[in-house]
Amino acid sequence: MNKITAAITAVGGYVPNFVMTNKMLEDMVDTNDEWITTRTGIKERRVLKEDEGEGTSYLGIKAAENLIDKKGLDPKEIDLVLVATATPDMFVASTAAFVASEIGAVNAFSYDLHAACSSFLYGMSTAAAYIEAGRYKKVLLIGADKMSSIIDYTDRTTCIIFGDGAGAVLFEPNSEGFGLQDEYLRSDGVGRNYLKMDAGGSLLPASVETVQNRQHFIYQDGRSVFKFAVSNMADAAAEIMKRNSLVDNDVAWLVPHQANKRIIDATANRMGLDNSKVMMNIQNYGNTTSATLPLLLHDYESQLKKGDNLVFAAFGGGFTWGANYLKWAY
Ligand code: UT7
């Protein structure tokens, strides 16, 4: 009997309608389009406004519905719904449970998975493990974040980077060898000093003081995070190529986390890849945290061919990082 691998068999995506341009940010903080473009590659990002929807679940539901429509999938067949997110609708109540109910996945169980910008990368590992073990046949993995809910729009070092969005993929068993081939995943708790939201968790519960001190917003020591991100993301991508004996010509696409174009360029450079093989939509959406990787698949789906070798790479808060190697199945 052939070994069962976990393949991505469908993709969906969603970004909110409201476009926040660099020009608009110029009116909010001391910045300019030229600085943002040259330092990050970002031109605009999407923001979920109150009149369009509410929390992260709204984005996840839209992305899942897009996948379900495209695939013609009966949601009752879904076994498990995973929502990878750093911005759940609320603590305690699972965002994934609400998403599953709203999309009609009434036979599924569901839970959230949180590893900051690496949530989707780690989620691929979780989804694939269930499929490879033969436990479940249809696992819906959603990456969704409403970053605007934790952004301080008076802090020019962070507000320019992030945006809102969601992407979804369906993992199913494959007996022809397509799907997830290998993963290299790492974490290091030293990173929590450099990229975090101080208050609102068990360490520093919400109080009048934490609100007054603006501690419910994301804080980033950008320069330090940048240094860790450049070396670790590139190292992880190079390592996964090495241990699978992949050379540049074997890789059809790099699917990199969209935090900063300079980090993406450094990773591609280390892998010896031409720009034409690097998926990129940072210019349109900025950093959507857990949604960057599935949104790339959504945007590039029509260019993907069966058998393409994809290398996913991400770096994020925690720190968390790694690279996955996947063979495209359709
Ligand atoms: O996805 C999760 C992981 N996150 C990341 O991977 C993000 C990693 N970090 C970054 O992408 C970059 O560090 C940033 C885009 C956040 C910042 O870029 P940078 O090139 O590292 O800038 P910097 O922090 O070294 O600041 C350079 C200068 C400073 O001025 P001085 O001290 O040289 O006078 C900043 O005050 O740029 C200034 N600056 C700005 N100027 C205009 C910082 N933010 C801005 C801004 N507009 N928005």
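Residues numbered from 1 in each chain as written. Predicted model: local features only at pLDDT ≥ 70, side-chain atom pairs only at ≥ 80, totals over all residues. Heavy atoms only, no water.

### Quick look at the overall build of the protein chain
Here is step 1 of the chain: A tally of helices and strands in the protein chain yields 11 helices and 13 strands.
Here is step 2 of the chain: In terms of overall size, the protein chain behaves like a compact globule, its C-alpha atoms giving a radius of gyration of 19 Å where 330 residues would be expected to give roughly 20 Å.
Here is step 3 of the chain: With the C-alpha coordinates aligned to their principal axes, the bounding extent of the protein chain is approximately 60 × 45 × 35 Å.
Here is step 4 of the chain: In the protein chain, buried positions account for 54% of the 330 residues.
Here is step 5 of the chain: In the protein chain, 76% of the contacts between residues at least 6 apart in sequence involve partners at least 24 apart.
Here is step 6 of the chain: As displayed, the protein chain offers around 14200 Å² of accessible surface, 49% of which is attributable to carbon and sulfur atoms.
Here is step 7 of the chain: Here the protein chain carries 31 positive and 40 negative side-chain charges, and the mean point of each set is 5 Å from the other. (Helix = DSSP H or I, 4+ residues; strand = E, 2+ residues; numbered from the N terminus. Rg over C-alpha atoms; globule rule 2.2 N^0.38 Å. Buried < 20%, exposed > 50% of the residue type's maximum accessible area, 1.4 Å probe, protein only. Contact = heavy atoms within 4.5 Å. Areas by Shrake-Rupley, 256 points an atom, 1.4 Å probe, with all protein chains shown as cover. Lys, Arg positive; Asp, Glu negative; His and termini not counted. Charge placed at Lys NZ, Arg CZ, Asp CG, Glu CD.)

### Things to note about the sheet that holds strand 5 (residues 109-113)
Here is step 1 of the chain: Spatial ordering of the open sheet is given by 1-7-6-4-5, a layout of 5 strands whose pairing is mixed. Taken across any chain shown, the strands that pair with only one partner, and hence form the sheet edges, are strand 1 (5-14) and strand 5. Put simply, the sheet's adjacent strands are angled 20° from each other on average, direction ignored.
Here is step 2 of the chain: Bridging between strand 1 and strand 7 (residues 164-174) involves 9 bridges; their strand directions are antiparallel. Opposite V11, over in strand 7, you have V169 as the bridge partner.
Here is step 3 of the chain: Of the strands in this sheet, strand 4 (80-84), strand 5 and strand 6 (139-146) are in contact with helix 4 (residues 95-102), which crosses strand 5 at around 135°. (Pairing = 2+ DSSP bridges. Axes fitted to C-alpha atoms, helices over the stretch in contact; angles between N-to-C directions.)

### Section: the side chain of T158
Here is step 1 of the chain: Structurally, T158 is set in helix 6 (residues 156-159).
Here is step 2 of the chain: Using a relative accessible area of 0% as the deciding quantity, one classes T158 as buried.
Here is step 3 of the chain: A polar side-chain atom of T158 sits 3.0 Å from a polar atom in the side chain of D155.
Here is step 4 of the chain: Setting aside anything within four residues of it in sequence, one finds T158 in contact with D152, I218 and Q220. (Polar contact = N/O pair within 3.5 Å; in protein donor to acceptor, adjacent residues only side chain to side chain.)

### Considering the site of the ligand
Here is step 1 of the chain: The local shell around the ligand holds 23 residues, among which T31, R39, R223, N260 and N287 are the closest.
Here is step 2 of the chain: Q220 has a polar side-chain atom sitting 3.0 Å from a nitrogen atom of the ligand.
Here is step 3 of the chain: G222 is positioned with one of its backbone polar atoms (N or O) 3.0 Å from an oxygen atom of the ligand.
Here is step 4 of the chain: Here the ligand loses 77% of its free accessible area of 950 Å² to cover by the protein chains.
Here is step 5 of the chain: Of all the secondary-structure elements, those providing two or more residues to the shell around the ligand are helix 2 (33-40), helix 6, helix 8 (222-243) and helix 9 (261-271).
Here is step 6 of the chain: A breakdown of the residues in the shell around the ligand according to their chemical character gives 10 nonpolar, 8 polar and 5 charged. (Near = heavy atom within 4 Å. Nonpolar A, V, L, I, M, F, W, Y, C, P; charged D, E, K, R; others polar.)

### What to know about the environment of A108
Here is step 1 of the chain: Locating A108 in the fold gives a position in the loop between helix 4 and strand 5.
Here is step 2 of the chain: The residues contacting A108, other than those within four sequence positions of it, are I78, D79, L80 and V81.

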